[in-house]
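Each chain, written out:
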Amino acid sequence: MTAVATGDRAAFKTLFDRTSAKLHATTRRIVRSDATAEDAVQEAFVRIWRRAGDYDPGIASPIAWMTTIARHAAIDMVRRGAERVSAAAADPAIAETIADPSTGADRLAAGQGLMRCLEALDTDRRGMVVLAYCHGWSREELAERFERPAATIKTILRRSLIALKECLGDGA
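Residues numbered from 1 in each chain as written. Predicted model: local features only at pLDDT ≥ 70, side-chain atom pairs only at ≥ 80, totals over all residues. Heavy atoms only, no water.

Draft legend 1. Main features of the packing of helix 2 (residues 9–31) against helix 3 (residues 34–51). Axis separation between helix 2 and helix 3 bottoms out at 8 Å; the angle between their running directions is 140 degrees. The pairing of helix 2 with helix 3 is recorded here as oblique in orientation. Of the two possible hands of crossing, helix 2 and helix 3 adopt the one that is right-handed. Contacts between helix 2 and helix 3 pair Arg-9, Phe-12, Leu-15, Phe-16, Thr-19, Ser-20, Leu-23, His-24, Thr-27, Arg-28 and Val-31 from the former with Asp-34, Thr-36, Ala-37, Glu-38, Ala-40, Val-41, Phe-45, Ile-48 and Trp-49 from the latter. Among the residues making up the contact of helix 2 with helix 3, the classes are represented as 11 nonpolar, 5 polar and 4 charged. (Axes fitted to C-alpha atoms, helices over the stretch in contact; angles between N-to-C directions. Helix = DSSP H or I, 4+ residues; strand = E, 2+ residues; numbered from the N terminus. Parallel < 35°, antiparallel > 145°, perpendicular 65-115°, else oblique. Left-handed = near helix turned anticlockwise from the far one by under 90°. Contact = heavy atoms within 4.5 Å. Nonpolar A, V, L, I, M, F, W, Y, C, P; charged D, E, K, R; others polar.)

This is the structure in structure tokens:
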């Protein structure tokens, strides 16, 4: 851990190779999804890299310290996920409008607003959003389809959702 704290990338790679499976198992039990567990482990290792100098061998073993960081990263992801689910559940009219846009003027207007906002996204971003959130494609499937890394797909989806939220909040 001391070598990692000094910025030794080889030591960090060794640490990753020796502990990532255990941290993945720990996070997987919390988030219940392999893809989300991988994201939590990635976030945990970023935190470990940045905070390796804070490690105190008098308080815990390296693996106990790292497991605590990974657990917190997984819990943070669960909390962020819960916020997204509850926010989507707060406006069922949008979901109903997408499913059946012919069921009322208010719903039709909401659906048209969403379509207007989707059309404002470039073609690839719009395609990724529709495939991910309407057809259930995983980031890995999108990465293969759009020939980009899964982490880039994650970023694109997040930014696209932020853009949609801002667009819908501006009068849609």
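So, next bit.
Draft legend 2. Representation of the pattern of salt bridges within the structure. Going through the model one piece at a time under the given rule, you end up with 8 salt bridges. A salt bridge links Asp-124 to Arg-148, with the nearest nitrogen and oxygen atoms 3.5 Å apart. Placement of Asp-124 in helix 7 (residues 123–133) and of Arg-148 in the loop between helix 8 (139–146) and helix 9 (150–169) is noted, with a sequence separation of 24 residues between them. Owing to a relative accessible area of 33%, Asp-124 belongs among the partly exposed residues under this scheme. Overlapping salt bridges, with partners in common, bring together Asp-39, Arg-139 and Lys-154 in one network. (Salt bridge = Lys/Arg side-chain N within 4 Å of Asp/Glu carboxyl O. Buried < 20%, exposed > 50% of the residue type's maximum accessible area, 1.4 Å probe, protein only.)

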